[in-house]
Amino acid sequence: MREFVVLGTASQVPTRTRNHNGYLLRWDDEDILFDPGEGTQRQMIHAGVSTSRITRICLTHVHGDHCYGLPGVLSRMALDKVDHPVNLHYPASGDDVVRALVSVSTPGIDLRLHPHGGFAYGGIEHAGPGHRAAEPIAPGLYVRALDHRIEAYGYRLVEPDARTLLPDRLAAAGIAGPDVGRLEREGSPGGVSLAEVSVPRPGQRFAFVMDTAPCQGAEELAEGADLLVTECTFSDDDAGLASQFRHLTAGQAGELAASAGAGTLVLTHFSSRYGNVSPLAEQARSRAGGTRVVAANDLDRFAFPQRRAAGQAGAGLME
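Residues numbered from 1 in each chain as written. Predicted model: local features only at pLDDT ≥ 70, side-chain atom pairs only at ≥ 80, totals over all residues. Heavy atoms only, no water.

A.B. asks: Looking at this structure, I do not really get the overall build of the chain. What am I missing?
C.D. replies: From N to C terminus, the chain includes nine helices and 15 strands. For the chain, the C-alpha radius of gyration of 21 Å lies close to 20 Å, the compact-globule estimate for 319 residues. Expressed along its principal axes, the backbone C-alpha trace of the chain runs to roughly 65 × 50 × 40 Å. Burial status across the chain gives 54% buried among its 319 residues. In the structure as shown, the chain presents an accessible area of about 13,600 Å², 50% of it carried by carbon and sulfur atoms. (Helix = DSSP H or I, 4+ residues; strand = E, 2+ residues; numbered from the N terminus. Rg over C-alpha atoms; globule rule 2.2 N^0.38 Å. Buried < 20%, exposed > 50% of the residue type's maximum accessible area, 1.4 Å probe, protein only. Areas by Shrake-Rupley, 256 points an atom, 1.4 Å probe, with all protein chains shown as cover.)

A.B. asks: Just checking my understanding: could you explain the pattern of salt bridges for this structure?
C.D. replies: Between side chains of opposite charge, pairing is possible as soon as their charged atoms come close. Scanning all chains against the criterion turns up 16 salt bridges. Arginine 301 serves as the salt-bridge partner of glutamate 3, at 3.0 Å between the closest nitrogen and oxygen. With glutamate 3 in strand β1 (residues 2-8) and arginine 301 in strand β15 (residues 301-303), this pair connects stretches of sequence that are 298 residues apart. One salt bridge in this structure joins arginine 112 and aspartate 110, with 2.8 Å as the shortest N-O distance. Arginine 112 gets classed as partly exposed once you look at its relative accessible area, which sits at 39%. On the basis of relative accessibility, which here comes to 32%, the residue aspartate 110 falls in the partly exposed class. Connected through salt bridges with shared partners, the residues Arg2, Asp28 and Glu159 form a single ionic network. (Salt bridge = Lys/Arg side-chain N within 4 Å of Asp/Glu carboxyl O.)

A.B. asks: Honestly, the layout of surface pockets in this entry has me stumped. Any pointers?
C.D. replies: Remark: the empty space left among the atoms is shown by a probe the size of a water molecule rolled over them. Considered as a void within the structure, the largest pocket measures approximately 310 Å³ in volume. Lining the largest pocket are 17 residues, with Ser11, Gln12, Arg149, Thr233 and His247 positioned closest to its centre. Per-class residue counts for the lining of the largest pocket are three nonpolar, ten polar and four charged. (1 Å grid on protein atoms, 1.4 Å probe; cavity = no way out; pocket = protein on both sides within 12 Å on 5 of 7 lines; lining within 4 Å. Points joined across faces, edges and corners; volume = space filled by probe spheres on them. Nonpolar A, V, L, I, M, F, W, Y, C, P; charged D, E, K, R; others polar.)

A.B. asks: Would you mind going over the pairing of β1 with me for this structure?
C.D. replies: Of all the seven residues making up β1, seven are buried; the element is thus mostly covered by neighbouring parts of the structure. Bridging between β1 and β15 involves three bridges; their strand directions are antiparallel. When the sheet's bridge partners are listed, phenylalanine 4 is paired in β15 with phenylalanine 302. (Pairing = 2+ DSSP bridges.)

A.B. asks: Looking at this structure, how should I read the environment of threonine 15?
C.D. replies: Within the secondary structure, threonine 15 is located in the loop between β1 and β2 (22-27). The spatial distance from the C-alpha of threonine 15 to the C-alpha of alanine 213 is 24 Å, given a sequence separation of 198 residues.

By themselves, these are just geometric observations and shouldn't be taken as functional.
This is the structure we're talking about:
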């Protein structure tokens, strides 16, 4: 199963209808929790998802609305006697904060800390890992430095490209039974190549871009994403505030999706000043090109989009 579950959509402070941040990506046999703000444990109950399936937690940065729910989630996992390793990824500069949050949670789970980065922030020219060969911090999982008021990173999950076998071509080539597996493993048993009996199957891409001004790191994360999740803290009418606090406006989020060729854009992390976020969605939509745009509400669920055809945008610089 591949599904994106929205647990909270408020920036800085919660509202009557929006909880602090919290997002769960169900990706095959992994449940990855992103930016658990206050109340995430309770929101998971409302969403009908379990902490016991979480294998990885990813923090973009250590502002409270993105991490103060961590002790509750970890404590619930201990209560549920989760016995598999849980990997926690976060910016290295936030190590003291993360260790303090972990220290007040109930012990009992195999929690493994993975600080990353330690690069300068505050501008495109200091985009950290954006200027060197990319290496995953976990299988298929990449980070890029963002441009926020403190060190922040976005995440990108990449499925390797593969090929889809075509039954009619296999039959015409006389390949059946165990020979099909041998073809996939060896490439050309009996002189028939894999390319002759299959078509490319582009891997799917997921990108998670939170608090940032427009920057190269955000562009690289978003490139060719099938599902792109971005902050949308401010309306275009409040562009001055967005620039001051290093956030995206709705229109900037739309432009990011359009330039990246993203399939679906999910907007979140809304300022409490906007009781109705439909105008923000329209602002993003007006600049998103062919990207589908959705403004998220708490407890929304998004099935992963269908795979793109071979040759469509997708691979990008980070694979």
